Amino acid sequence: MDGNPDPLRTAKDVRETFKRMAMNDEETCALTAGGHTVGKCHGNGNAEDLSDAPEGGELEDQGFGWNNHKSRGIGANTVTSGLEGAWTTNPTQWDNGYFHLLLNYDWELKKSPAGAWQWEPINIKEEDMPVDAEDPSIRRNPIMTDADMAMKMDPEYRKISEKFYNNPEYFADVFARAWFKLTHRDLGPKSRYLGPDVPSEDLLWQDPIPTVDYTLSDSEISELKAKILATNLTVAELIATAWDSARTFRGSDNRGGANGGRIRLAPQKDWEGNEPARLQKVLNVLEGIQSGLAKKISLADLIVLGGTAAVEKAAKDGGVQITLPFTPGRGDATAEQTDIEGFEPLEPVHDAFRNYLKHDFKSKPEELMLDKAQLMGLTAAEMTVLLGGMRTLGVNYGGSKHGVFTDRVGTLSNDFFVHLVDMGYQWKPTGKNSYEIVERNTGNVRFTATRVDLVFGSSKPPEHCLLQRLF
Ligand code: HEM
């Protein structure tokens, strides 16, 4: 921990880091132990002899960095982490040696040749010592890092380590599954896997979604849209629900999104940002429509279609007749197909498009907006048009009026941009994240705004002037 040995604090950080990858304690312990069953740490030399990192290297380094020009710098003399040694007696083979050494020996702190703290066994038997990486006639001490010692000293990890030690087959199975998860979860749904090696088993962390087998003709789509618009749901309610169902999508690992209709299920149905009361109201109405249909259309499709129909209505109210494209085919996942804990990191705790911040963050709201937009795979132009359009549709979280620069709320228009760049106004801060838009000639407050509204008109610092860069 910052150069100071502290396996218990390390355990906390390891737990948190692996949790973000949706790994539980058992998977974390299996991965760490299994990974360190093979290979070694490298710290047999002086780190100061290493050249610059790759980006600071010379042209002839061709992408390599940290070269050692003073000694051989490779093989037994490699310095990378600065710790030195293998974890197990046979570091080139899969076995249960990691737990044998970790649990059966006491370990003490020693310094590696590179000067880093590492754990070494007390009174280790000759036959338990791994051989030197280059000279098999020499035996060396094995080592453990703080993270490895965490697997022995943290009470929860220890229970798991003992279980794995006593049941190597179970350990191998948990490791294999966790390794597959670690290396495949960013592929997204299983339907994206290709090739003969795709396992037949469906795994919960793949967020399975039942496939649907219906198609919808243009006239069926029109009829459905008319049915939805004939309900008592407002444009804002329909669009907010469709947006909320879609906004969990992460381009980084293809998780989330409208497909699966998981906004109906825990944990999403209870997320504050999804306004549970409004969400339930919309879902009840859409479910009512669904149950009266001859075709079993998924709710996931109806939610998106509801948003589509509402946008068309809002455009029509603004004098523009459009038909938005709609592709059906989303399935409705069940609660059993949903890893509640695994979905928690997808909670939208900030969403500039609905002018929502769950709480105050260290990062500025406009920085969070860019982060969210890139995570959703939106371009700068798409982000801008969506945000400005949604403001006029009145879909702000909790009905807030910030950034709603229009007198025709619920009608799709470019009023947001018209008022944003109108020199008849002055912009006055009223709090950390709130502004008043004041008429210059009368001094009357015309609108209010947050940072994510005004950033589109700002040119300070220049790189934040999104509008000028885009148009
Ligand atoms: C708990 C968090 C972990 C920490 C703090 C950690 C730390 C380290 C360190 C310091 C090294 C030495 C690097 C060097 O000096 O060259 C290393 C090597 C290694 N780690 Fe980890 N590790 C962790 C988890 C994992 C996981 C999850 C895997 C794979 C499933 C893994 C697989 C390996 C392997 C195979 C090596 C040896 C590489 C070689 O032989 O060059 N580690 N780790």
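Residues numbered from 1 in each chain as written. Predicted model: local features only at pLDDT ≥ 70, side-chain atom pairs only at ≥ 80, totals over all residues. Heavy atoms only, no water.

Within an unreviewed UniProt entry, the label attached to the chain reads Catalase/peroxidase HPI, and the organism entered is Pseudidiomarina indica. Reading the Catalytic activity (unreviewed entry) entry of the UniProt record for the chain gives the comment "2 H2O2 = O2 + 2 H2O". According to the UniProt record, the Cofactor (unreviewed entry) comment for the chain reads "heme b". (UniProt positions renumbered as here; feature names shortened; annotations may be inferred.)

Peer 1: Outline the state of the cysteines, supporting the account with residue identities and numerical values.
Peer 2: What the rule picks out here adds up to zero disulfides. No disulfide involves C29; its sulfur sits 17 Å from that of C41, the nearest cysteine. Here C29 falls in the buried class, since its relative accessible area comes to 0%. Looking at C41, the relative accessible area reads 8%, which means it is buried. (Disulfide = S-S within 2.5 Å. Buried < 20%, exposed > 50% of the residue type's maximum accessible area, 1.4 Å probe, protein only.)

Peer 1: I'd like to hear about unusual backbone geometry, residue by residue, with values.
Peer 2: Here the residue pair A266 and P267 is connected by a cis peptide bond, since its omega of 5° sits within 30 degrees of zero. As for its position among the elements, P267 is in the loop between α8 (235-246) and α9 (276-291). Residue A22 is not a glycine yet carries a positive backbone phi of 60°. Topologically, A22 is positioned in the loop between α1 (7-20) and α2 (25-35). The phi dihedral of W66 falls on the positive side, at around 50°, and the residue is not glycine. Counting through the fold element by element, W66 comes out in the loop between β1 (40-41) and β2 (85-86). With relative accessibility at 52%, the residue W66 sits in the exposed group. (Helix = DSSP H or I, 4+ residues; strand = E, 2+ residues; numbered from the N terminus.)

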